[in-house]
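An overview of the molecular structure
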Amino acid sequence: MTQIDHHILPAATNLRRVLSALERVSTKICLIVDADGRILRTVTDGDVRRALLGGHNLDSLVSVLGERQPVTRPHGTSRTELLSVLDERAIDAIVLVDSEGKPVDLADRTTLTKTLLLSPPHIGKTEAGYVQLAFDENWVAPAGPNLNAFEDALCRVSGRQHAVALVSGTAGLHLALRVLDIGEGDRVYVSDLTFAASVQPILYVGAEPVFIDSEPESWNMSPAALERALEQDKRAGRLPKAVIVVHLYGQSANMNALLKLTEAYGVPVIEDAAESLGANYGNRPSGAHGLMSVYSFNGNKIITTSGGGALVSDRPDLVERARKLATQGRDNAEHYQHSDLSYNYRMSNVLAGIGRGQLEVLSDRVAARRAIFERYVDGLSKIPGVGFQMEVEGSIGNRWLTVISLDPDEIALHPYQLMRSLKARGIETRPAWKPMQMQPLFSDIQFEPHMPDRAVSPGLFLTSLCLPSGSAMSVSEQEGVIEAVTDILASGGQS
Ligand SMILES: Cc1ncc(COP(=O)(O)O)c(C=O)c1O
């Protein structure tokens, strides 16, 4: 939406006023209107230049420019049509008018060709300063003050005593399995509805994943399915060595119910909190409940270090072992001595500088994403058949991504059709994660459904769509998404 008032000038305007108006607006075009506010013509700085070179002066009225039919289209014209008019006429802006011919908006090429992204990085004011510090102090290394300060700050926000910053969240999960000595022949339970990174590290260590279904409300690991799987495996004498619980899209899993079960069976929990930094459960940060937790600072997450992750825990021995494994497993000796298979997984001091600055704005980012979620609920929940992922009792999610579900009994449109129509309007959306049991990579792997005769995660995948949720998104951009979703659903995908 353009601030159209700044572009509008009456017919009795001189060229001096046109030039000063053009200086103030980003789309370089003025709209000359008649006494009733109807568009007469448009003026660009090229028009003014031609008039001056033709002998007119700055006090000349715009009428010296002569008449020219402005390019207008009714407000509400589709983005595709507007773009084709821009191309056909080789112009950069179209005046959008109401039924009386009064300008209400400007459709300019830059805005029309810009895609509203799903979850782009949102950098604050201090990140560049911390990165500069690394250069100033020549700590361009996988160690240094930014890294130490970032790990300290991470301990504070995650409610944990120890943290090790790493190259990725995936590396964090890999190390969590390694420090528990999980390997060949072991079983590891993991949420079925998640990103593949929750599961790949189980394969890295040669263990066998078992996929646990979602519960319908929170979309996170179903306590009912977990209980059944644990009972069966206890009877079979093959209890898992760990359970990886994912906090999907920033909403916490039902940790009380899940931990009650894992404690009863003596199985440690690794929280995959890659998406839930800044969320809360039971008055403690998300990631402060299991034995160890992992965060991701990938570019699309609520805060980012461009790429990165961390492992946190209250157990110093576990975090220290992870730190050692992340730095090629060098033993405490004067020479280079190594006793363990290990990795180069440590975050650099430069990237930790970005992380330091990003942690300072984490609570703002959570507040912004929660407000975005609330506006989506206000704008879309009145459409019959549109639903949202719920928060479990006692939790406050970070609403990393707002995900809508479309009830197929009420809405004929497949989420992919909605996704494609939104893309044509410059709005990026993504399907929900495809359940792990449906992935070709994992086709032979055991899956425990929510109810013995009912799986939940495939239905969530087939009916859901992640909406743009970036914390820097403006209210008017979000209103544009709500309007587009409403239009497309109302027209059954024909608009
Ligand atoms: C649920 C989940 N687990 C793990 C990861 C892996 O994190 P990273 O990309 O930092 O390796 C991600 C994100 O990418 C994720 O969404």
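Residues numbered from 1 in each chain as written. Predicted model: local features only at pLDDT ≥ 70, side-chain atom pairs only at ≥ 80, totals over all residues. Heavy atoms only, no water.

**As for the site of the ligand**
Filter applied, for reference: Here a residue is considered near a molecule or strand provided that any single heavy atom belonging to it is located within 4 Å of it. N or O atoms within 3.5 Å of each other form a polar contact, as long as, within protein, one can give a hydrogen and the other can take it, and as long as residues adjacent in sequence are counted only when both atoms are side-chain atoms. In this classification, Asp, Glu, Lys and Arg are treated as charged, Ala, Val, Leu, Ile, Met, Phe, Trp, Tyr, Cys and Pro as nonpolar, and every other residue, Gly included, as polar.
Taken together, 16 residues lie near the ligand, and Thr-170, Asp-272, Glu-275, Ser-296 and Lys-301 sit nearest. In the model, a nitrogen atom of the ligand is placed 2.7 Å from a nitrogen or oxygen of the Asp-272 side chain. Considering only residue class, the shell around the ligand consists of five nonpolar, eight polar and three charged.

**Regarding helix H3 (residues 79-89)**
Residues spaced three or four apart along an α-helix face the same direction, because each turn holds 3.6 residues. The condition that has to hold: The cut-offs for exposure are 20% and 50% of the maximum accessible area for each residue type, with area from a 1.4 Å probe on protein chains only; residues under the lower value are buried, those over the upper are exposed, and the others partly exposed. Comment: elements are numbered from the N terminus, with helices defined as DSSP H or I runs of at least four residues and strands as E runs of at least two. Throughout, the arc means the angular range of directions from the helix axis out to the C-beta atoms. It only takes one pair of heavy atoms within 4.5 Å for two residues to be counted as in contact.
What H3 keeps buried is the set Arg-79, Leu-82, Leu-83, Val-85 and Leu-86. Looking down the long axis of H3, one finds its buried residues gathered within 160° of arc, a one-sided arrangement. Residues of H3 that are exposed and angled more than 90 degrees away from the buried face: Thr-80, Asp-87 and Glu-88. Packed against the buried residues of H3 are strand S4 (72-74), strand S5 (93-97), strand S6 (103-108), helix H4 (109-113) and helix H14 (415-424). Where H3 terminates, the next one or two residues include Ala-90, which has phi positive at roughly 50°.

**Side note on the packing of aromatic side chains**
Selection rule: Classification of ring pairs uses Phe, Tyr and Trp, with its six-membered ring standing for Trp, and accepts pairs whose centres are within 6.5 Å; under 30 degrees between planes counts as stacked, over 60 as edge-to-face, and the remaining range as tilted. Only Lys NZ and Arg CZ are tested; either one counts as a charge over a ring when it is within 6 Å of the ring centre and within 35 degrees of the ring normal.
If you walk through the whole model with that rule in mind, you get seven aromatic pairs. Aromatic pair Tyr-249 and Trp-400: ring centres 6.3 Å apart, planes at 20°, arrangement stacked. Of the two residues, Tyr-249 sits in the loop between strand S10 (242-246) and helix H10 (255-265) while Trp-400 sits in the loop between strand S17 (395-396) and strand S18 (402-406), which places them 151 residues apart along the sequence. No difference in accessibility class separates Tyr-249 from Trp-400, as the two residues are buried. Grouped by ring-pair contacts, the aromatic residues Phe-195, Tyr-249, Trp-400 and Trp-433 constitute a single cluster. The side chain of Arg-399 reaches across the aromatic face of Phe-373, ending 3.5 Å from its centre.

**Quick word on the sheet that holds strand S20 (residues 447-448)**
Convention followed: Here, strands pair whenever DSSP counts at least two bridges between them. Angles shown run from 0 to 180 degrees and are taken between the N-to-C directions of axes, each axis being a line fitted to C-alpha atoms and, for helices, limited to the stretch in contact.
If you trace the eight strands from one edge of the open sheet to the other, you get S7-S15-S14-S11-S10-S8-S9-S20, paired in mixed fashion. Of all strands in the sheet, those bounded by a partner on one side alone are strand S7 (162-166) and S20. Where strand S11 (residues 269-272) and strand S14 (residues 292-296) come together, three bridges link them in parallel fashion. Of the residues in S14, the one forming a bridge with Asp-272 is Val-294. Lying over the sheet, helix H7 (residues 169-179) contacts S7, strand S8 (187-191), S10, S11, S14 and strand S15 (309-313), oriented at roughly 165° with respect to S14. Of the strands in this sheet, S7, S14 and S15 touch helix H11 (residues 316-325), which is tilted by about 20° from S7.

**Regarding the sheet that holds strand S19 (residues 430-431)**
Consider a sheet: its strands pair through backbone hydrogen bonds, and that pairing is either parallel or antiparallel. Within the open sheet, the four strands sit side by side as S16-S18-S21-S19. Their pairing is antiparallel. Across the chains shown, the open sheet's two edge strands, defined by having one partner strand only, are strand S16 (386-388) and S19. Pairing analysis gives three bridges linking S16 to S18, with the strands arranged antiparallel. Bridging from a neighbouring strand, Phe-388 pairs with Ile-404 of S18.

**So, the domain arrangement of the protein**
Here is the rule we go by: Residue ranges assigned to each domain were obtained from an automatic or database domain assignment. Once two parts are put together, the accessible area they lose, assessed with a 1.4 Å probe and summed over both, is termed the buried area.
Along its sequence, the protein is carved into domain 1 (4-113), domain 2 (127-360) and domain 3 (362-490). Of note, the centres of domain 2 and domain 3, computed from C-alpha atoms alone, are 25 Å apart. In this assembly, 53 residues from domain 2 lie in contact with 43 residues from domain 3. At the boundary of domain 2 with domain 3, total buried surface from both sides reaches about 4,100 Å², with 61% on carbon and sulfur atoms.

**Brief notes about unusual backbone geometry**
With a phi angle near 60°, Asn-138 is a residue other than glycine that sits in the positive phi range. Within the secondary structure, Asn-138 is located in the loop between helix H5 (127-136) and helix H6 (145-158). According to the relative accessible area criterion, Asn-138 is exposed, its value standing at 64%.

**Digging into the pattern of salt bridges**
As a reminder, the rule being used: Whenever Lys or Arg places a side-chain nitrogen within 4 Å of a carboxyl oxygen from Asp or Glu, that contact is recorded as a salt bridge.
In this structure the tally under the stated criterion is 29 salt bridges. We note a salt bridge from Arg-68 to Asp-47, for which the minimum N-O separation is 3.1 Å. Of this pair, Arg-68 sits in the loop between helix H2 (45-53) and S4 while Asp-47 sits in helix H2, and the two are 21 residues apart along the sequence. Connected through salt bridges with shared partners, the residues Arg-41, Asp-47, Arg-50 and Arg-68 form a single ionic network.

**Remarks on the environment of Met-473**
Within the element layout of this structure, Met-473 appears in the loop between strand S21 (464-467) and helix H16 (475-490). Between the C-alpha atom of Met-473 and that of Leu-118, which follows or precedes it by 355 residues, the distance is 9.7 Å.

**Observations regarding the pairing of S14**
Successive residues of a regular strand alternate their side chains across the two faces of the sheet. With respect to burial, S14 is a largely interior element, five of its five residues being buried. Pairing between S14 and S15: five bridges, direction antiparallel. Residue pairing across strands places Ser-293 opposite Val-312, the latter belonging to S15.

**Details of the nonpolar core**
Where we set the bar: Remark: nonpolar core denotes a set of buried residues (Ala, Val, Leu, Ile, Met, Phe, Trp, Tyr, Cys) joined through side-chain atoms within 4.5 Å.
In terms of nonpolar packing, the biggest core is built from 34 residues, with Phe-150, Leu-154, Tyr-249, Leu-277, Phe-297 and Leu-359 touching the most fellow members. Looking at this core, the elements with two or more residues in it are H6, S7, S15, helix H12 (349-360) and helix H13 (362-380). Broken down by element, this core gets its largest block of residues, five residues, from H6. Composition of this core by domain shows at least three residues from each of domain 2 (127-360) and domain 3 (362-490). What Tyr-249 contacts, discounting residues up to four positions off in sequence, is Trp-219, Glu-275, Gln-389, Asn-398, Arg-399, Trp-400, Leu-401, Val-403, Ala-432, Trp-433 and Cys-466. Counting residues in hydrophobic clusters, the runner-up holds 32 residues, among them Ile-182, Ile-202, Tyr-345 and Met-436.

**Looking at the pairing of S6**
In terms of burial, S6 is a largely internal element, five of the six residues being buried. Relative to S6, S5 runs antiparallel, the two being bridged by five bridges. Paired with Ile-94 across the strands is Ala-107, a residue of S6. Hairpin remark: S5 followed by S6, antiparallel, with five residues in the connecting loop; positive phi at Gly-101, about 85°.

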